[in-house]
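Understanding the architecture of this molecule
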Amino acid sequence: MSSKIRILSEDVIAKIAAGEVVERPASVVKELVENSIDAGATSIVVDIRAGGMETIRVMDDGCGMSREDALLATERYATSKVQNEEDLYSIQTLGFRGEALPSIATVSRMRLLTRDGTSQVGTEVYREGGVTARVSDAGSPMGTSVEVRNLFYNTPVRRRFLKSVGTEYFHIHRVVEQMALAKPAIHFRLIHDGREVLNVPKTEDPRVRIEAILGREAYKALVPLEFRDETISLRGYIGRPTLTLSTAKSIFIYVNGRFIRDRVVNRSLLDAYRTLIPRDRYPVAVLFIDLSPHRIDVNVHPTKREIRFRDQDKIYRSIHVALGSRLKAAPADERISRAVEAYWQEKGVHNGMREECPEYRAIDGEGVAGSFVFPEFSRDTRTGGFYSSLSPMGQIGATYIVCQGPQGLVLIDQHAAHERVLFEKLRRGLKNTTIVRQVLLFPHVVELSHAEGHIMDTYRDELERLGVEIEPFGGNTCAVKSVPQVLGGEDVESLVEDIMGELASEGRASQEETRTERVLTIMACHGAIRANRVLKDEEMRGLLHDLEEIEFAPTCPHGRPIFSEIDYPQLDKMFKRR
Ligand code: ADP
Ligand code: MG
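Residues numbered from 1 in each chain as written. Chains lettered and ligands numbered in written order. Predicted model: local features only at pLDDT ≥ 70, side-chain atom pairs only at ≥ 80, totals over all residues. Heavy atoms only, no water.

What the chain contains, in helices and strands, is 19 helices and 24 strands. Within the chain, the fraction of its 578 residues that count as buried is 53%. In the chain, the proportion of contacts linking residues at least 24 apart, taken out of those at least 6 apart, comes to 72%. (Helix = DSSP H or I, 4+ residues; strand = E, 2+ residues; numbered from the N terminus. Buried < 20%, exposed > 50% of the residue type's maximum accessible area, 1.4 Å probe, protein only. Contact = heavy atoms within 4.5 Å.)

Our next topic: the site of ligand 1. Near ligand 1, the surroundings consist of 20 residues, among which N35, T79, S80, K81 and G98 are the closest. Here D60 contributes a side-chain N or O atom positioned 2.8 Å from a nitrogen atom of ligand 1. Contact between ligand 1 and L101: an oxygen atom at 2.9 Å from a main-chain N or O atom of the residue. For the shell around ligand 1, the secondary structure elements donating two or more residues are α2 (25-38) and α4 (100-106). Top element by residues in the shell around ligand 1 is α4. It accounts for three residues. In terms of residue class, the shell around ligand 1 is built from eight nonpolar, eight polar and four charged. (Near = heavy atom within 4 Å. Polar contact = N/O pair within 3.5 Å; in protein donor to acceptor, adjacent residues only side chain to side chain. Nonpolar A, V, L, I, M, F, W, Y, C, P; charged D, E, K, R; others polar.)

The subject of this paragraph is the sheet that holds strand β12 (residues 251-255). An order of β9-β10-β15-β12-β13 is seen for the five strands of this open sheet, with the pairing classed as mixed. Every interior strand has two partners, whereas the edge strands, β9 (222-228) and β13 (258-259), have only one. Packed onto the sheet, helix α6 (residues 165-182) meets β12, β13 and β15 (285-290) and runs at close to 60° relative to β12. Along the sheet, helix α10 (residues 312-326) makes contact with β9, β10 (233-239) and β15, crossing β9 at roughly 135°. (Pairing = 2+ DSSP bridges. Axes fitted to C-alpha atoms, helices over the stretch in contact; angles between N-to-C directions.)

Take the side chain of S140 next. With respect to the element layout, S140 can be found in the loop between β5 (131-138) and β6 (143-149). A relative accessible area of 16% means that S140 is categorised as buried. Non-local contacts of S140, meaning those with residues more than four positions away in its chain, are made with L113, T114, R115 and G122.

Turning next to the packing of helix α15 (residues 450-465) against helix α16 (residues 492-505). Where α15 meets α16, the closest approach of the two axes is 10 Å, and the angle between their N-to-C directions is 100°. Put simply, α15 runs roughly perpendicular to α16. Only E497, I499, M500, G501, L503 and A504 of α16 make contact with α15, whose side of the interface consists of E452, I455, M456, Y459 and L463. Of the residues belonging to the contact of α15 with α16, the class tally is eight nonpolar, one polar and two charged. (Parallel < 35°, antiparallel > 145°, perpendicular 65-115°, else oblique.)

Next up on the list: the nonpolar core. Core analysis: the biggest nonpolar cluster contains 60 residues, and L32, V33, I44, V46, V148, F188 and L214 have the highest contact counts within it. Per element, the largest residue contribution to this core is eight residues, and it comes from α6. Other than its neighbours up to four places away in sequence, F188 contacts V33, I37, I44, V176, M179, A180, K183, L198, N199, V200 and R209. Membership of the second largest hydrophobic core comes to 35 residues, among which are I91, I232, L234 and Y273. (Core = buried A, V, L, I, M, F, W, Y, C linked by side-chain atoms within 4.5 Å.)

If you walk through the whole model with that rule in mind, you get 30 salt bridges. The salt bridge partner of R111 is E147, with a shortest N-O separation of 4.0 Å. Separated by 36 residues along the polypeptide, R111 in strand β3 (residues 109-115) and E147 in strand β6 bring together distant segments of the chain. With a shortest N-O distance of 2.9 Å, R216 and E211 are connected by a salt bridge. With relative accessibility at 23%, the residue E211 sits in the partly exposed group. By sharing partners, the salt bridges in this structure join D47, R57, R111, E124, R134 and E147 into a single network. (Salt bridge = Lys/Arg side-chain N within 4 Å of Asp/Glu carboxyl O.)

Neighbouring strands of a sheet are bound in pairs by backbone hydrogen bonds; such pairs are parallel or else antiparallel. With mixed pairing, eight strands are arranged side by side in an open sheet as β5-β4-β3-β6-β2-β1-β7-β8. Taken across any chain shown, the strands that pair with only one partner, and hence form the sheet edges, are β5 and β8 (195-200). For this sheet, the mean angle separating the axes of adjacent strands, direction not counted, is 10°. Looking at chain direction, β3 and β6 are connected through seven bridges and run antiparallel.

What follows concerns the environment of D572. Of note, D572 is situated in helix α19 (residues 568-574). If near-sequence neighbours (up to four positions away) are discounted, D572 is found in contact with R577 and R578.

With respect to the helices and strands, the residue E54 is situated in the loop between β1 (43-49) and β2 (55-60). Owing to a relative accessible area of 42%, E54 belongs among the partly exposed residues under this scheme. Sequence separation between E54 and V148 is 94 residues, and the spatial gap between their C-alpha atoms is 8.2 Å. Residue contacts for E54: discarding those within four places in its chain leaves R49, V148, R149 and N150.

Just distances and angles here, no functional claims.
Written out as structure tokens, the structure reads:
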């Protein structure tokens, strides 16, 4: 019998390994820029042609390399950043695997030009398909320039996987933005086909950099965040809940200076916005998480985009608490979001691109879910006093309350408004000992599916705390004996079904707090006055009064706006008075 197993040739092995690091031109840019950052550069220029598929050149004014190092740099596992295994657990640099340069060199034509502070003359190393073809002295400023041409020229299959110039360019643009956001002290330039597309001078002030990258409108809607506990330190800027986008493209998360994608962090962030923004919208956030390198493992994936936290629950809590206590309500101003969307469109993030870039569709396949504790609100714009300043004039469509406000016409969605009121009342009840329950005269018998029956068993105690008392009633049925009083005891069956459905859909449910918020949201929705219901004057006034009683909120717990305003200048414009 002949053997079927063969040992792969060095050449194939090298290409497989390269494939793990170099997926597309943007990966090359990421690795080269990381090297420049690690080299202490204060200025980095990324010059690309044809979306990086033709040429990528990254130039820096960092420490440069000696001739000896320049030759070693493109050898596998050659690094100046780590010496022994222990170092892997205290990594301060972006690189450490010693894989990037050799990997890139294996699948391209690479020219390295570099000079360090002690050398009089620079070194040029030219490699083709990973083989050194030429080494020579060359004039060079201090620093390093790496040019990568014809990426994947010798791996045609991979080359075929590349997308259009536009898409590859777009990914490169993203990578440069991600780095630039985290390193305001470095001057970044990006040049595509000879045209300068990004130029952000160095600055001491991280806000200047954020404004330069995210645009003025987004910047204006951000609030600074600083938080520290025994596990992590958090700093950054988070968007007010009224600034939302249809994709997660404006969420930038860094751990110890490294841009990452992480489920736990994403979830805690989105959970913090949960009752403030609509389910299919995403907030803006630039978050820098710093923690002891011992608490994370960055050596999980060759691209270093993923990390592993030693204590995920703690990280989740810390971020959730930090954002929760910082987020402040701001006026429901759709105009901000629209202006920001427009800004991104202008930058070339057109819709077609989203199809090709899953990361922009959602940062978490399971969608947005979670909860958030409403803290004090900002006093700058519409806060306390807003709802009581409105006089209801009547209703239209039995759905919207028409009000005169100090600044013009205000429309209120009666269901959304009442939902928020009930939600806050329930939550308040929960905080002060208990939710007042209404014992049902006759217990309602509800049929449950097998899965729902299981859910009921799991969460019975929790639901009881929320005012819903349920008892098994044999087979797949249960008896509901009480519901929260504010709900009025109507349509108990569908309430319980919806709650079970929500709990079931949640899968490996996260925190109890999150679950509670979701159940309260459902309760509020069930108890709230519906659209298409005629309201009496005193009911309308009562609703506005109740809205004023709770802390100011511009949205219902699902995140839909409660009110919309047309101010006098807008009215004047509509009627051509100006
Ligand atoms: P790593 O960054 O993981 O160490 P790389 O293959 O990216 O591995 O780089 C190998 C080594 O080459 C680095 O450790 C560093 O010493 C040197 N090097 C790479 N790029 C630069 C640069 N732009 N400036 C100075 N030194 C560099
Ligand atoms: Mg590197």
